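So you can see what is in the structure, the chains are spelled out below.
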Amino acid sequence: MMKFIPIIIIIILTYSSAFAQRNPNTNADKINKNKKGDTIINNQNQLINDSKDNNFRNKGQFGAYLNYGTSSFSLPELEGIGFGFKLGKNLFSENFPISLITGLGFDYLYFGGKSSSQSNNVKIAINSNAYGWYPYLDLELGSSWPITLFGTAYWGGRFFFTRQNINYTDANNQSKTDTKNLDGDVTQIYGLGGGLKIKLTEGLKLELRYQQNHGNEIKIVDPTSIKFDSFGNLNSYQNKSTQTNLEMFFLGLLIYL
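These remarks concern the structure in this document. (Residues numbered from 1 in each chain as written. Predicted model: local features only at pLDDT ≥ 70, side-chain atom pairs only at ≥ 80, totals over all residues. Heavy atoms only, no water.)

Comments concerning empty space enclosed by the protein
- Taken as a whole and assessed by the stated rule, the structure comprises 2 cavities of 30 Å³ or more.
- Computed from the structure, the largest cavity encloses a volume of approximately 70 Å³.
- Taken together, 14 residues line the largest cavity, and the ones lying closest to its centre are S128, F160, F161, T162 and I220.
- When contributions to the lining of the largest cavity are tallied by element, the ones reaching two or more residues are β4 (122-141), β5 (147-169), β6 (175-201) and β8 (218-221).
- Its volume calculated, the second largest cavity comes out at about 60 Å³.
- F85, K86, G105, F106, Y134, Y136, D138, T152, R209 and Q211 together form the lining of the second largest cavity. (1 Å grid on protein atoms, 1.4 Å probe; cavity = no way out; pocket = protein on both sides within 12 Å on 5 of 7 lines; lining within 4 Å. Points joined across faces, edges and corners; volume = space filled by probe spheres on them. Helix = DSSP H or I, 4+ residues; strand = E, 2+ residues; numbered from the N terminus.)

What follows is the structure in structure tokens.
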């Protein structure tokens, strides 16, 4: 009987090995299945990420900027700093090699003026400002690149205002401000420009933009003609005609909504 034991053990091991190879529920086969499943899941995740990247430039865009404007004719009264915003949407699908963004832009410029300080904490200032509103088109090349090139075109209007601001302290020691609009004018504007959009993170870009702003001739308050009386009140000023062509530079952040 003892001499048959090794033979019986060999038969059992051989049968077990053959059964394991045929059985689809063995651990070895489960490991292979898991590997296959992981590969499928990874491929699906990659497709989703690629789809997000492709759709990145199709989302809405919101930009916030600091800007600088100076007269194309070197007029000191039309040189100032300010801020701006724009909101747009790409009209093309992700299959196009370029993007066409259309939307609405706004910018504000502060040109300064003339001020006077009086007794009893009274300060009088004459400030000139300009507000521009315009639909725009941005044509982008390489929207998915780290650095995107674009050109821009726009048309709209710019409103020029001059205001008198009087800051003082009342009888209750409270700070007060009285504002009076002196003069204003409006001009049609249009222009071309372009710049760079530099990717910072997913959904966020740094934008550098230049715009050549063309406008009509308007009348504005000449800051050099403003005169105050002996009590610090506005005594007189003169208007002057001026061209409103501006060179404008923008630095800001572009957020993909």
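Read on, since the account is not over.
As for a nonpolar patch on the surface
- Side chains of L141, W145, I147, L149, L196, L208 and L251 sit close together on the surface and give an oily, nonpolar patch of about 600 Å² of accessible area.
- In this fold, L208 is placed in strand β7 (residues 204-215). (Patch = residues over 30% accessible without salt bridge, like charges linked within 9 Å, V, L, I, M, F, W, Y side chains within 5 Å. Areas by Shrake-Rupley, 256 points an atom, 1.4 Å probe, with all protein chains shown as cover. Salt bridge = Lys/Arg side-chain N within 4 Å of Asp/Glu carboxyl O.)

So, the packing of aromatic side chains
- In the structure shown here, the tally under the stated rule is 12 aromatic pairs.
- A centroid spacing of 6.4 Å and a plane angle of 25° characterise the contact between Y68 and F249, whose relative ring orientation is stacked. Here the residue Y68 occupies a position in strand β1 (residues 60-71), and F249 occupies one in strand β12 (residues 246-256), the gap between them amounting to 181 residues.
- Ring plane angle 45° and centroid distance 5.0 Å describe the contact between Y134 and Y154, whose orientation is recorded as tilted. On the criterion of sequence distance, the pair formed by Y134 in strand β4 and Y154 in strand β5 is long-range, its members being 20 residues apart. Here the two residues Y134 and Y154 agree in accessibility, since each one is buried.
- Members of the aromatic cluster, each reached through a chain of ring pairs, are F62, F83, F85, F106, Y108, Y131, W133 and F161.
- Of note, K197 hangs over the ring of F150, and the distance from its end group to the ring centre comes to 4.7 Å. (Phe/Tyr/Trp six-rings, centres within 6.5 Å; stacked < 30°, edge-to-face > 60°. Buried < 20%, exposed > 50% of the residue type's maximum accessible area, 1.4 Å probe, protein only. Lys NZ or Arg CZ within 6 Å of the ring centre and 35° of its normal.)

Quick look at the sheet that holds β12
- With respect to topology, 8 strands assemble into a closed barrel ordered β1-β2-β3-β4-β5-β6-β7-β12, the strand pairing being antiparallel. Going from strand to strand, the sheet's axes swing by 25° on average, the running direction of each strand aside.
- For β6 and β7, the ladder comprises 12 bridges, and the chain directions are antiparallel. Following the sheet pairing, G191 is matched in β7 by N213. (Pairing = 2+ DSSP bridges. Axes fitted to C-alpha atoms, helices over the stretch in contact; angles between N-to-C directions.)

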